[in-house]
Amino acid sequence: MSTTSTKKRGLSPAVLNVGPAAAAAAVAAAASADKPAKKPRKKAVTAKSLGLTKDEFDSIKAAPIKRELKRIVKKLAKQVDDDWHDGYEEQAETKGEWFEAIQEPLQAVLDIGVGKKTALLQCNEVLKIVSDSFYDLLACPCRCDTKDDLSEMDKQFELELPWGETATYNASSGYPIDVWSYVWVALLRVHSNLGNLDESLLLQCIKDAHDNMDGAEMIELPGYLYDQDDEKYDICTLDQRDGKNVPSGTKLAHYVNDRASEWKSLPTTKKVHRMRRAIDRRFDGTPERRTRDYHLQYDSDDSYGGGFGYGGGGYGRGRRDCTIM
């Protein structure tokens, strides 16, 4: 071994006077010292590590929840693309299907994140997925406003609350943002009160909740876990109070108010969904997908409406400069 090569590896000249095996070991040690230290592997999160059964753990897995809600949004987008004008009834049914689909993941968050006081990260992700799916739904350019449709259909489902024997929350499709906002407040309250709290995670969760609660009618951070059976409960105002046996909100209020500069400076994780393109297939798009007879001129037999296609059995035919209503 040459003196030059040993110096390049940072070896002492004394190494030259030892045997081949010792010299090789010294060279290997010097080479390994030059390599950056490996980062410790993150421990895999399992049902056992969270104190959950397999079924409970599966109920808060992000991928299946995201996949199911995305399936419904894609269904609505296809319906709009197929028949923007006349398909509003089936589109409304799909919107109702979406609202019913959020019950199960929200109940899982209440059962596990609130009731069992575990899996804050996973439950926070579930709530983000539910909220994100709503804004993805709104990005479908339906003929009828999606928020109005949800309000008018007045679909409801009941969430069981993990405090009190008969405590429930009646979720209404007219106030979808309030539904997951209520669950988010409960989740954050419970984990704010824990002794083994990961503050950095909690602050990010507060940031996520704040961004995704925008537009709620009755809840804003730090919020109230109101009792809908309370005689002072008023759906039209933010003048609420906590119900009986709910988790204390004192510590959450401290994080929300006293440490606002910390969580507000964190990056937002809320996505922005651009409105999809709308095609009125009565008059636009490829001929084979038209929902009206394909003509390039006004109806010659139109006896009513001055060329708008109301008369002569040719409703809507050939009108390409219509106003979308």
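Residues numbered from 1 in each chain as written. Predicted model: local features only at pLDDT ≥ 70, side-chain atom pairs only at ≥ 80, totals over all residues. Heavy atoms only, no water.

1. Notes on the overall build of the chain
Here's step 1: When you go through the chain residue by residue, the secondary structure sums to twelve helices and two strands.
Here's step 2: Each helix and strand of the chain, ordered N terminal to C terminal, gives the series α-α-α-α-α-α-α-α-β-β-α-α-α-α.
Here's step 3: The buried share of the chain, reckoned over its 325 residues, is 42%.
Here's step 4: Restricting to contacts in the chain with at least 6 residues of sequence separation, those with at least 24 account for 64%.
Here's step 5: Summed over all atoms, the accessible surface of the chain reaches about 18,600 Å², with 50% contributed by carbon and sulfur. (Helix = DSSP H or I, 4+ residues; strand = E, 2+ residues; numbered from the N terminus. Buried < 20%, exposed > 50% of the residue type's maximum accessible area, 1.4 Å probe, protein only. Contact = heavy atoms within 4.5 Å. Areas by Shrake-Rupley, 256 points an atom, 1.4 Å probe, with all protein chains shown as cover.)

2. Digging into the side chain of Ser 181
Here's step 1: Here Ser 181 is to be found in helix α9 (residues 176-192).
Here's step 2: The class for Ser 181 is buried, based on a relative accessible area of 0%.
Here's step 3: Engagement of the side chain of Ser 181 in a polar contact is seen with the backbone oxygen of Ile 177, the distance being 2.7 Å.
Here's step 4: For Ser 181, the residues in contact, after removing those within four places along its chain, are Met 213, Ala 216 and Ile 219. (Polar contact = N/O pair within 3.5 Å; in protein donor to acceptor, adjacent residues only side chain to side chain.)

3. Remarks on the pattern of salt bridges
Here's step 1: Evaluation of the coordinates by the stated rule reveals 15 salt bridges.
Here's step 2: Residue Glu 262 pairs with Arg 259 through a salt bridge whose shortest N-O separation is 2.8 Å.
Here's step 3: Linked through salt bridges whose partners overlap, the residues forming this network are Glu 68, Arg 71, Lys 75 and Glu 97. (Salt bridge = Lys/Arg side-chain N within 4 Å of Asp/Glu carboxyl O.)

4. Focus on the confidence of the model for the chain
Here's step 1: The share of residues in the chain with pLDDT of 70 or more is 70%, and the mean pLDDT across the chain is 81.
Here's step 2: Between the elements of the chain, mean pLDDT differs from a low of 47, seen in helix α1 (residues 3-8), to a high of 98, seen in helix α6 (residues 103-115).
Here's step 3: A low-confidence stretch, residues 1-9 stays under pLDDT 50, and its non-local contacts, those more than four residues away or across chains, total ten contacts.
Here's step 4: In the predicted structure, residues 296-325 sits below a pLDDT of 50 and forms 48 contacts with residues beyond four places in sequence or in another chain. (pLDDT = per-residue confidence, 0-100.)

5. Overview of the nonpolar core
Here's step 1: In terms of nonpolar packing, the biggest core is built from 69 residues, with Trp 98, Leu 106, Trp 180, Leu 188 and Ile 206 touching the most fellow members.
Here's step 2: Looking at which element gives the most residues to this core, the answer is α9, with eleven residues.
Here's step 3: Here Leu 106 is in contact with Leu 127, Val 130, Phe 157, Leu 159, Val 179, Trp 180 and Val 183, once residues within four sequence places are set aside. (Core = buried A, V, L, I, M, F, W, Y, C linked by side-chain atoms within 4.5 Å.)

6. Structural notes on the packing of helix α5 (residues 88-101) against helix α8 (residues 146-153)
Here's step 1: Two numbers describe how α5 lies on α8: the axes approach to 10 Å, and their chain directions differ by 75 degrees. When the interaxial angle is binned, α5 and α8 end up roughly perpendicular. Counted together, Ala 92, Lys 95, Gly 96 and Phe 99 of α5 and Thr 146, Asp 149, Leu 150 and Met 153 of α8 form the full contact between these two elements. (Axes fitted to C-alpha atoms, helices over the stretch in contact; angles between N-to-C directions. Parallel < 35°, antiparallel > 145°, perpendicular 65-115°, else oblique.)

7. Concerning the layout of surface pockets
Here's step 1: Of the voids in this model, the largest pocket is the one considered here, and its volume is about 470 Å³.
Here's step 2: With three residues, helix α7 (residues 120-138) is the single largest residue contributor to the lining of the largest pocket.
Here's step 3: The residue inventory of the lining of the largest pocket, partitioned by class, reads eight nonpolar, four polar and four charged.
Here's step 4: By volume, the second largest pocket amounts to about 280 Å³.
Here's step 5: Along its surface, the second largest pocket is lined by 16 residues, and Lys 66, Lys 128, Ile 129, Asp 132 and Lys 271 are the ones closest to its centre.
Here's step 6: Going through the elements one at a time, α4 (62-82) and α7 are the ones with two or more residues in the lining of the second largest pocket.
Here's step 7: With seven residues, the single largest contributor to the lining of the second largest pocket is α7.
Here's step 8: Grouping the amino acids of the lining of the second largest pocket by side-chain chemistry returns four nonpolar, four polar and eight charged. (1 Å grid on protein atoms, 1.4 Å probe; cavity = no way out; pocket = protein on both sides within 12 Å on 5 of 7 lines; lining within 4 Å. Points joined across faces, edges and corners; volume = space filled by probe spheres on them. Nonpolar A, V, L, I, M, F, W, Y, C, P; charged D, E, K, R; others polar.)

8. Observations concerning the packing of α9 against helix α10 (residues 199-212)
Here's step 1: For the pair α9 and α10, interaxial distance at closest approach is 10 Å and the crossing angle is 165 degrees. One finds that α9 runs roughly antiparallel with respect to α10. Every pair of crossing elements has a handedness; the one defined by α9 and α10 is left-handed. Facing α9, whose interface residues are Ile 177, Trp 180, Trp 184, Leu 188 and Ser 192, α10 presents Leu 202, Cys 205, Ile 206, Asp 208, Ala 209 and Asn 212.
Here's step 2: Of the residues assigned to the contact of α9 with α10, the class counts are eight nonpolar, two polar and one charged. (Left-handed = near helix turned anticlockwise from the far one by under 90°.)

9. Considerations on the side chain of Asp 136
Here's step 1: As for its position among the elements, Asp 136 is in helix α7.
Here's step 2: A polar contact of 2.7 Å, which involves the side chain of Asp 136, links it to the side chain of Lys 70.
Here's step 3: If we ignore the near neighbours within four places in the chain, the residues touching Asp 136 are Lys 70, Val 73, His 273 and Arg 276.

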